[in-house]
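In case you want the letters, here they are:
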Amino acid sequence: MFGKRGKDDGNRAIPEFRPPASAPAAPASTGTMTVERPAAPTSSAPAAPPARRPVEAPPMAPEPPRKVQRERSETYYDTKSQVFSALIDTIDLSQLAKLDPESAREEIRDIVNDIIAIKNFAMSISEQEELLEDICNDVLGYGPLEPLLARDDIADIMVNGSKNVYIEVNGKVEQTGVRFRDNQQLLNICQRIVSQVGRRVDESSPICDARLPDGSRVNVIAPPLSIDGTALTIRKFKKDKLTLDQLVKFGAISPQGAEILKIIGRVRCNVVISGGTGSGKTTLLNCLTNYIDREERVITCDDSA
Ligand SMILES: Nc1ncnc2c1ncn2[C@@H]1O[C@H](COP(=O)(O)OP(=O)(O)OP(=O)(O)O)[C@@H](O)[C@H]1O
Ligand SMILES: [Mg+2]
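Residues numbered from 1 in each chain as written. Chains lettered and ligands numbered in written order. Predicted model: local features only at pLDDT ≥ 70, side-chain atom pairs only at ≥ 80, totals over all residues. Heavy atoms only, no water.

### What to know about the sheet that holds strand S2 (residues 165-169)
Working step 1: Taken together, six strands build an open sheet; the order of strands is S3-S2-S1-S6-S5-S4 and the sheet is antiparallel. Every interior strand has two partners, whereas the edge strands, strand S3 (172-175) and strand S4 (207-211), have only one. Here the strands of the sheet are splayed against their neighbours by 15° on average, with no regard to which way each runs.
Working step 2: Judged from the five bridges that link them, S4 and strand S5 (residues 217-221) form a sheet pairing that is antiparallel. Across the sheet, residue arginine 211 finds its bridge partner in S5, namely arginine 217. (Pairing = 2+ DSSP bridges. Helix = DSSP H or I, 4+ residues; strand = E, 2+ residues; numbered from the N terminus. Axes fitted to C-alpha atoms, helices over the stretch in contact; angles between N-to-C directions.)

### Structural notes on the state of the cysteines
Working step 1: Enumeration according to the criterion identifies zero disulfides in this entry.
Working step 2: Unpaired in terms of disulfides, cysteine 208 finds its nearest cysteine sulfur in cysteine 190, a separation of 9.3 Å. (Disulfide = S-S within 2.5 Å.)

### A word on the environment of cysteine 208
Working step 1: Tracing the backbone shows cysteine 208 in strand S4.
Working step 2: Sequence separation between cysteine 208 and cysteine 190 is 18 residues, and the spatial gap between their C-alpha atoms is 9.4 Å.
Working step 3: Excluding residues that lie within four positions of it along the chain, cysteine 208 makes contacts with Val194, Arg199, Arg200, Val201, Val218, Asn219 and Val220. (Contact = heavy atoms within 4.5 Å.)

### Description of the site of ligand 1
Working step 1: Taken together, 19 residues lie around ligand 1, and Arg217, Gly278, Lys281, Thr282 and Thr283 are the ones closest in.
Working step 2: A distance of 2.6 Å separates an oxygen atom of ligand 1 from a polar side-chain atom of lysine 281.
Working step 3: Threonine 282 places a side-chain nitrogen or oxygen 2.8 Å from an oxygen atom of ligand 1.
Working step 4: Per-element tally for the shell around ligand 1: the top contributor is helix H9 (residues 281-289), with three residues.
Working step 5: Looking at which domains feed residues into the shell around ligand 1, each of domain 2 (143-239) and domain 3 (244-289) gives three or more. (Near = heavy atom within 4 Å. Polar contact = N/O pair within 3.5 Å; in protein donor to acceptor, adjacent residues only side chain to side chain. Domains from an automatic or database assignment.)

### Concerning the confidence of the model for the protein
Working step 1: Of the residues in the protein, 75% reach a pLDDT of 70 or more, and the chain-wide mean stands at 79.
Working step 2: Highest mean pLDDT in the protein belongs to strand S6 (residues 231-235) (96); lowest belongs to helix H2 (residues 93-96) (81).
Working step 3: Contacts for the low-pLDDT stretch residues 1-65, under 50 throughout, to residues beyond four places or in other chains number 132 contacts. (pLDDT = per-residue confidence, 0-100.)

### What to know about the pattern of salt bridges
Working step 1: Inspection of every chain in the model, using the stated rule, returns 11 salt bridges.
Working step 2: Note that lysine 80 is salt-bridged to aspartate 138, the shortest N-O span being 3.0 Å. Residue lysine 80 is found in helix H1 (residues 74-90), and its partner aspartate 138 is found in helix H4 (residues 125-140); the two are separated by 58 residues along the sequence.
Working step 3: Judged by relative accessible area, lysine 80 falls into the buried class, the value being 8%.
Working step 4: Look at aspartate 138 and you get buried, because its relative accessible area is 2%.
Working step 5: Residue arginine 109 is joined to glutamate 129 by a salt bridge in which the shortest nitrogen-to-oxygen separation is 2.9 Å. Of this pair, arginine 109 sits in helix H3 (residues 101-119) while glutamate 129 sits in helix H4, and the two are 20 residues apart along the sequence.
Working step 6: The exposure class of arginine 109 is buried, given its relative accessible area of 18%.
Working step 7: A residue is classified by how much of its surface remains accessible, and glutamate 129, at 37% relative accessible area, is partly exposed. (Salt bridge = Lys/Arg side-chain N within 4 Å of Asp/Glu carboxyl O. Buried < 20%, exposed > 50% of the residue type's maximum accessible area, 1.4 Å probe, protein only.)

Spelled out as structure tokens, the structure:
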């Protein structure tokens, strides 16, 4: 335990901090040829959830029941803010930065549990667990985005200001109960994301593309370019890639069309893949690269991060 309890030298470290990422930022599709531009941020308007043609969901095993994040009350956010301030007064962030994420999480949990006991906050065990998780995510991770980033079924996360968070699941956009404390917290988290690839986002540089350590693609538009708070979109990196055979199975392409594409991939034809945002360009490109001869040299160009 290394908390600096009872001591405040008035020189507080930044409340939000993230230990160095274990994996380097990598392109979403290493070993593939990417010849597309990222979706250009369109206008000064905040990013609206893109209208997208619903695609037939791949056949999947029945989903296990997942924890749905419900909207929290003002009291919850108030309590959290008090516990958070007490934690920042107590903890030594420079010491915390030396720990691995797991030990840092344990350390924060211990101190937050002490704070709740000392300040006598009335809450149930499950509320306390939620609060602990939230505070750990705020200090060590990407705050309220963490539960969404952990889900594999989400293709896109779209944030329009601190109170509106949308996700896309199986081709359908839905609003979530996730929210940020305020626009400053949202901007801080965006800052943290883009700083990992050596970029910054602020008034003088309000548009920024970046990647998460897992390869997920990120775009941030900050005020004054965005109107209602910062707009953030994350195209989640899918671990399970679709194959050409699966596209045929879904009816996205005919068997004959797939055969032609296999031949095109093998005989070194020039190919342009174009389409709207989220229409499946990268997915198709990844499928095609499977048919490029293993002996061929592949050069990947991508300007999004
Ligand atoms: N034929 C398909 N059937 C079902 N889902 C698909 C299909 N093609 C793509 N998808 C899913 O749609 C989402 C978007 O696909 P993808 O990233 O390939 O689009 P994109 O055109 O490259 O988007 P962007 O313009 O943002 O780069 C992904 O989650 C992908 O798995
Ligand atoms: Mg793409």
